[in-house]
Amino acid sequence: MSRQPKAFVKGVKVSERHGAGEWTAERLSSLILIPLVLWGLWSAAVLSGATYDGMMEWFSSPVNATLLAATLLISIWHMNMGLKVVVDDYIHRPGSRGALLGLIAAICVVLAVASVFFIVRLALGSAPLPAGFGA
C-alpha cells in the first residue's frame, strides 16, 4: 500500500494539507478585526457631528491614526485571503487563476498604500488630497 495521499476520492479532490495555514490566518484576522471594527463604529458615532477642525484633531492623535491604519490594513489582508479562496475554489484554469490572483494582489497593495498614505497625510495635518486633485 502506498503512503502517498490520493489526489481524488470518488471524484472529489482530497486535501493536500495546503489550506490549514490560510484557514488559521483568516480566523486570526477575523478575531483581530472584531475589536477594531467596534472601535471604528464608536469613532464614527463620536465624529458624526464633529466639525472639520474636530475631525482633523481626531486624525492628529497617533492612537487614532494607528488604529485606523491597522483596521484598514488588516481588512485589506482579510479581503485578499477571502478572494483568493474564492478564486482557488471556482477558477480552474491555471492561467486565469494566476491572472486573477495577481490582479487581486495588485489591487490590495494599491489600496493598502493609498490608505496608509492618506492616513499619514491627515495625521500630519496636511490636506486630504494632494495639490491638483479634486475641485
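Details of the structure are given in the entry above.
Now for a description of the structure that goes with this document. (Residues numbered from 1 in each chain as written. Predicted model: local features only at pLDDT ≥ 70, side-chain atom pairs only at ≥ 80, totals over all residues. Heavy atoms only, no water.)

1. A few points about helix α3 (residues 62–90)
The condition is simple: In DSSP terms, a helix is any run of H or I states spanning at least four residues, a strand is any run of E spanning at least two, and both are numbered starting from the N terminus. How far a helix is expected to stretch is found by multiplying one less than its residue total by 1.5 Å. Under the scheme applied here, a residue whose accessible area is under 20% of the maximum for its type counts as buried, over 50% as exposed, and between as partly exposed, the area being computed with a 1.4 Å probe on protein chains only.
Look at α3: 42 Å from first C-alpha to last across 29 residues, which is about the 42 Å you get at 1.5 Å a residue. Along α3, the positions that sit buried rather than exposed are Asn64, Ala65, Leu68, Ala69, Thr71, Ile74, Ile76, Met81 and Val87.

2. Things to note about the packing of helix α2 (residues 52–60) against α3
Our working rule: Fitted lines through C-alpha atoms give the axes, limited to the stretch in contact for helices. The angle between two N-to-C directions lies from 0 to 180 degrees. In these notes the angle categories are as follows: under 35 degrees is roughly parallel, over 145 is roughly antiparallel, 65 to 115 is roughly perpendicular, and the rest is oblique. For this analysis, residues touch if any pair of their heavy atoms sits within 4.5 Å. Side-chain classes follow a simple rule in which Ala, Val, Leu, Ile, Met, Phe, Trp, Tyr, Cys and Pro form the nonpolar group, Asp, Glu, Lys and Arg form the charged group, and the remainder, Gly included, forms the polar group.
Relative orientation of the contacting elements α2 and α3 amounts to 80°, with a least axis distance of 5 Å. The angle between α2 and α3 falls in the class roughly perpendicular. For the pair α2 and α3, contact is made by Trp58, Phe59 and Ser60 and by Pro62, Asn64, Ala65 and Leu68, respectively. Class assignment for the residues of the contact of α2 with α3 results in five nonpolar, two polar and no charged.

3. What about the nonpolar core?
A general trend in soluble globular proteins is that nonpolar side chains are found buried together. Applicable threshold: To form a nonpolar core, buried Ala, Val, Leu, Ile, Met, Phe, Trp, Tyr and Cys residues must be joined to one another through side-chain atoms within 4.5 Å.
Formed by Trp39, Leu47, Met56, Trp58, Phe59, Ala65, Leu68, Ala69, Ile119 and Leu122, the largest nonpolar core amounts to 10 residues. Residue assignment for this core shows that the elements contributing at least two residues are α1 (20–47), α2, α3 and α4 (94–123). Apart from the residues lying within four places of it in its own chain, the contact partners of Trp39 are Trp58, Asn64, Leu67, Leu68 and Thr71. In terms of nonpolar packing, the next biggest core, distinct from the first, is built from five residues, Val87, Ile104, Cys108 and Ala112 among them.

Note that all results are geometric; they support no functional claim without further evidence.
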